[in-house]
Amino acid sequence: MHFTSEQCFDDGVLERGFTLGEIPGFLWTPESESAPTPLILISPPPIGLGKAYPRLAGRARYYAAEYGFAVATIELPGSGDRPRLAVLDQARADLRRVIGAGEPVSGEIVDALILPLVEKAVPEWRTTLDALLALPEIGGSVGYEGGIISIGVRLAAVEPRITAAGLFAGSFVPAAMFEEAREVTVPLQVLLQWDDEGNDRQAALDLFDAFGSMEKTLHANMGGHTGVPQYELDAGARFFARHLR
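Keep in mind that this is a model prediction, so the values were computed, not measured.

**A short note on the packing of helix α1 (residues 49-67) against helix α7 (residues 231-244)**
Then, number 1: Their axes nearest at 11 Å, the elements α1 and α7 cross at an angle of 55°. Between α1 and α7, the interaxial angle falls into the category oblique. Where α1 crosses over α7, the two elements pack in a sense that is right-handed. Every residue of α7 that contacts α1 at Arg59, Tyr62, Tyr63 and Tyr67 is listed here: Glu232, Leu233, Asp234, Gly236, Ala237, Arg238, Phe240 and Ala241.
Then, number 2: Residue composition of the contact of α1 with α7, by class: seven nonpolar, one polar and four charged.

**Concerning the side chain of Arg59**
Then, number 1: By secondary structure assignment, the location of Arg59 is in helix α1.
Then, number 2: For Arg59, a relative accessible area of 18% gives the class buried.
Then, number 3: Beyond its immediate sequence surroundings of up to four residues, Arg59 is in contact with Ile42, Glu145, Phe168, Glu232 and Leu233.

**Some words on the environment of Ala60**
Then, number 1: The topology assignment puts Ala60 in helix α1.
Then, number 2: On the basis of relative accessibility, which here comes to 0%, the residue Ala60 falls in the buried class.
Then, number 3: Along the primary structure Ala60 and Phe9 are separated by 51 residues, whereas in three dimensions their C-alpha atoms are 12 Å apart.
Then, number 4: When sequence neighbours within four positions are dropped, the list of residues in contact with Ala60 reads Trp28, Ile42 and Val71.

**Quick notes on the packing of helix α2 (residues 86-100) against helix α3 (residues 107-133)**
Then, number 1: At a closest axis distance of 9 Å, the pairing of α2 and α3 adopts a crossing angle of 150°. Looking at the two axes, α2 sits roughly antiparallel to α3. When the axes of α2 and α3 are compared, the crossing they make is left-handed. Listed contacts from α3 to Val87, Leu88, Ala91, Arg92, Asp94, Leu95 and Val98 of α2 are Ile109, Ala112, Leu113, Pro116 and Leu117.
Then, number 2: For the contact of α2 with α3, the per-class residue count stands at ten nonpolar, no polar and two charged.

The rules behind these values
Residues numbered from 1 in each chain as written. Predicted model: local features only at pLDDT ≥ 70, side-chain atom pairs only at ≥ 80, totals over all residues. Heavy atoms only, no water. Axes fitted to C-alpha atoms, helices over the stretch in contact; angles between N-to-C directions. Helix = DSSP H or I, 4+ residues; strand = E, 2+ residues; numbered from the N terminus. Parallel < 35°, antiparallel > 145°, perpendicular 65-115°, else oblique. Left-handed = near helix turned anticlockwise from the far one by under 90°. Contact = heavy atoms within 4.5 Å. Nonpolar A, V, L, I, M, F, W, Y, C, P; charged D, E, K, R; others polar. Buried < 20%, exposed > 50% of the residue type's maximum accessible area, 1.4 Å probe, protein only.

Shape is all these values report; function is a separate question.
Given below as C-alpha cells:
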C-alpha cells in the first residue's frame with residue numbers, strides 16, 4: 001500500500017489517499033485514537049470515486065470523528081480512471097436499451113451487469129483488507145457497508161474477518177445471490193428506500209428474507225433512491241458501534 005496524499009481536517013480526522021497496485025482508495029482515521037481501531041469498509045457506487053467522494057467522505061469522517069472508527073474505500077473495477085471492462089460496458093448499454101424501450105430487464109442482463117463486477121471486486125476488497133490490517137493504527141473487528149448489494153453479499157459470505165455488514169438495497173440482484181445470501185450469518189442492517197424507482201422492492205425483500213443471519217434488521221424509508229433520511233447515518237454508526245466495539 002502506497003500513500004499518495006494526506007490531509008487533516010478540523011474534526012480531527014486524517015484522510016490519506018492510497019494506491020494498492022492499480023487500485024486507488026482513501027483511508028480515514030481518527031487522530032485522537034491511540035490504540036488500534038476497528039475498521040469499516042465502505043464500498044462506493046460504480047460511478048467513480050471522484051463523483052462519489054463527497055458522500056463517501058462525509059459518511060467516513062462522521063464514523064471516524066464521532067465513533068473512532070477507521071474507514072476505507074476503494075475504486076471499483078471498471079470505474080473512475082481504472083481500465084474499462086468491456087463486459088460491463090456492454091451490459092450497461094443493454095440495460096439502457098431495454099429501459100429506454102420500456103421492456104423488462106432480463107435475468108441475463110442482470111447477471112452480465114453484476115456478476116463480473118462481484119467476481120473482480122470481492123478479491124480486491126480482500127487484498128485491500130490484508131493491507132489495511134497490516135497498518136499499526138488499525139486492528140480488531142471489521143465491518144462492511146454499501147452497495148452494490150451483491151458485492152456485500154459475496155464478501156460477507158466468504159470473508160471471515162467481516163463481523164457485521166450494513167447493506168444498501170437499490171441495485172439489481174442476480175438470482176444466484178439469493179442462494180449465497182443463505183451463507184451470510186453476520187449481523188446485518190439493510191437499508192431500503194421504499195419508492196426507489198430503479199429498485200425491485202420485492203426482490204430486495206426476498207433477499208432480506210434469504211439472509212441466514214440470526215440478527216438482521218431492515219430499515220425501510222419512504223422516498224426514492226437519493227432520499228435516504230439523514231438520521232440513517234447515525235443509525236449505521238450505532239449499528240457498527242454495537243458489533244465492532
